[in-house]
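# Commentary on secondary and tertiary structure
One-letter residues, chain by chain:
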Amino acid sequence: MKRIVFCDFDGTITQSETFVAMLKHFTPVLAERLLPEIYAKRLTLREGVRRFIQSIPSVRYSEIIEFTRAQPIRPGLLEFLDFLKTEEIPFVVISGGLTGMVESVLNPLKDRIHAIHAMEVDTRGTFLQVHSAYEGGTELVAKAQIMAKYQADQTIAIGDSITDLNMALSASIVFARSPLTRYLEERHKPYIPWNDFFEVREYLRDRILSRSLEQSLRTH
């Protein structure tokens, strides 16, 4: 069985909501007004995120990258990536944030990451302009649309927020942290709670891969 892991970045790979923290830092007035609207689903991610990013002067982009680079990674990521590499399971990062932000944190681990999908940013104008090759519906980065590009028998999603909801609903197996757990419960979508990547690795090794091995041995 071919498996692929799709993983969020902000608040999932990083220990805190890096993108939200960046918005609060660089667009405090707008963040105070619009973030509650997004969480309450009265404002779409597609509209809200574009308004945030395109209100930031382009000259501050380098500050955004430095702000992100300092964010700590959730424990167990390196060990989890090594485990996936050994099992030949691709690890795909799908972020609703900026590609430069994701790469500033994950660049040392790039040899273990199959692909990164996020928003591109244009700094040539007075204010930042964002572009996404996967813009659709209510999202600037339509995560389920990206997942559909990959051929897999079993898709494993790891996330923590409303930005990961469509990805989680499309996945075979979901590892979820709060507040994503609340949105999944509202939709009666099963999920596996987790705290760090050590737990995700152990669950996959002990519950998923070992079960597949047993089934394979029975058929032979």
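Structure shown above.
Before going into details, it helps to say that this report is about the structure given with it. None of the values given here were measured: they were computed from a predicted structure.

## What about the pairing of strand β1 (residues 3-7)?
Counting buried positions along β1 gives 5 out of 5 residues, so the element sits mostly inside the fold. Of the strand pairs in this sheet, β1 and strand β5 (residues 154-159) are connected by 5 bridges, and their pairing is parallel. Looking at β5, one finds that Cys-7 is bridged to Ile-158. Two elements, β1 and strand β2 (residues 91-98), share 3 bridges in a ladder whose sense is parallel. Residue pairing across strands places Val-5 opposite Phe-91, the latter belonging to β2.

## As for the packing of helix α1 (residues 18-26) against helix α3 (residues 45-53)
The N-to-C vectors of α1 and α3 enclose an angle of 50°; their axes lie 10 Å apart at closest approach. On the basis of the axis angle, α1 is oblique to α3. Between α1 and α3 the crossing geometry is left-handed. Of α3, the residues touching α1 (which contributes Phe-19, Met-22 and Leu-23) are Val-49, Phe-52 and Ile-53. Along the lines of polarity and charge, the residues of the contact of α1 with α3 split into 6 nonpolar, no polar and no charged.

## What to know about the packing of aromatic side chains
Taken as a whole and judged by the stated rule, the model has 6 aromatic pairs. Measuring from centroid to centroid gives 5.6 Å for Phe-6 and Tyr-150, while their planes differ by 65°, and the two rings are edge-to-face. Placement of the pair is Phe-6 in strand β1 and Tyr-150 in the loop between α7 (143-147) and β5, with a sequence separation of 144 residues. Residue Phe-6 is classed as buried on the basis of its relative accessible area of 0%. Relative to Tyr-203, the ring of Phe-175 has its centre 5.6 Å away and its plane inclined at 90°; by these criteria the two rings are edge-to-face. Residue Phe-175 is found in strand β6 (residues 173-176), and its partner Tyr-203 is found in helix α10 (residues 197-219); the two are separated by 28 residues along the sequence. A relative accessible area of 23% places Tyr-203 in the partly exposed class. Here the aromatic residues Phe-80, Phe-91, Trp-194 and Phe-197 are joined through ring pairs into a cluster of three or more.

## Quick word on the side chain of Thr-14
Mapped onto the secondary structure, Thr-14 falls in the loop between β1 and α1. What makes Thr-14 buried here is its relative accessible area of 0%. Look past the residues within four positions of Thr-14 in its chain and what remains in contact with it is Phe-9, Gln-71, Pro-72, Ile-73 and Arg-74.

## Regarding the pattern of salt bridges
For side chains bearing opposite charge, pairing can occur when the charged atoms are close. Tallying each qualifying case throughout the model produces 14 salt bridges. For Glu-37, the salt bridge goes to Arg-42, with nearest N and O atoms at 3.0 Å. For Glu-37, a relative accessible area of 27% corresponds to the partly exposed category. The salt bridge involving Glu-135 is made with Arg-46; its shortest N-O contact spans 2.7 Å. Of the two residues, Glu-135 is situated in the loop between β4 (129-131) and α7 and Arg-46 in helix α3; the sequence distance between them amounts to 89 residues. When salt bridges with common partners are traced through the structure, they connect Asp-8, Lys-143 and Asp-164 into a single cluster.

## A word on the pairing of β2
Of all 8 residues in β2, 7 are buried, a share of seventy percent or more. By the bridge criterion, 4 bridges tie β2 to strand β3 (residues 115-122) in an arrangement that is parallel. Across the sheet, residue Ile-94 finds its bridge partner in β3, namely His-117. After leaving β2, the chain enters helix α6 (residues 99-106) and then returns to the sheet as β3, a path that is right-handed.

## A closer look at the nonpolar core
By size, the foremost hydrophobic cluster in this structure holds 46 residues, and its most contacted members are Phe-19, Met-22 and Ile-53. Not counting chain neighbours up to four residues away, the residues in contact with Phe-19 comprise Asp-10, Val-49, Ile-53, Gly-96, Gly-97, Leu-98, Met-101 and Met-119. Membership of the second largest hydrophobic core comes to 28 residues, among which are Phe-9, Ile-89, Ala-118 and Val-200.

Rules of the game
- Residues numbered from 1 in each chain as written.
- Predicted model: local features only at pLDDT ≥ 70, side-chain atom pairs only at ≥ 80, totals over all residues.
- Heavy atoms only, no water.
- Buried < 20%, exposed > 50% of the residue type's maximum accessible area, 1.4 Å probe, protein only.
- Helix = DSSP H or I, 4+ residues; strand = E, 2+ residues; numbered from the N terminus.
- Pairing = 2+ DSSP bridges.
- Axes fitted to C-alpha atoms, helices over the stretch in contact; angles between N-to-C directions.
- Parallel < 35°, antiparallel > 145°, perpendicular 65-115°, else oblique.
- Left-handed = near helix turned anticlockwise from the far one by under 90°.
- Contact = heavy atoms within 4.5 Å.
- Nonpolar A, V, L, I, M, F, W, Y, C, P; charged D, E, K, R; others polar.
- Phe/Tyr/Trp six-rings, centres within 6.5 Å; stacked < 30°, edge-to-face > 60°.
- Salt bridge = Lys/Arg side-chain N within 4 Å of Asp/Glu carboxyl O.
- Right-handed = clockwise from strand over helix to strand, strands pointing away.
- Core = buried A, V, L, I, M, F, W, Y, C linked by side-chain atoms within 4.5 Å.

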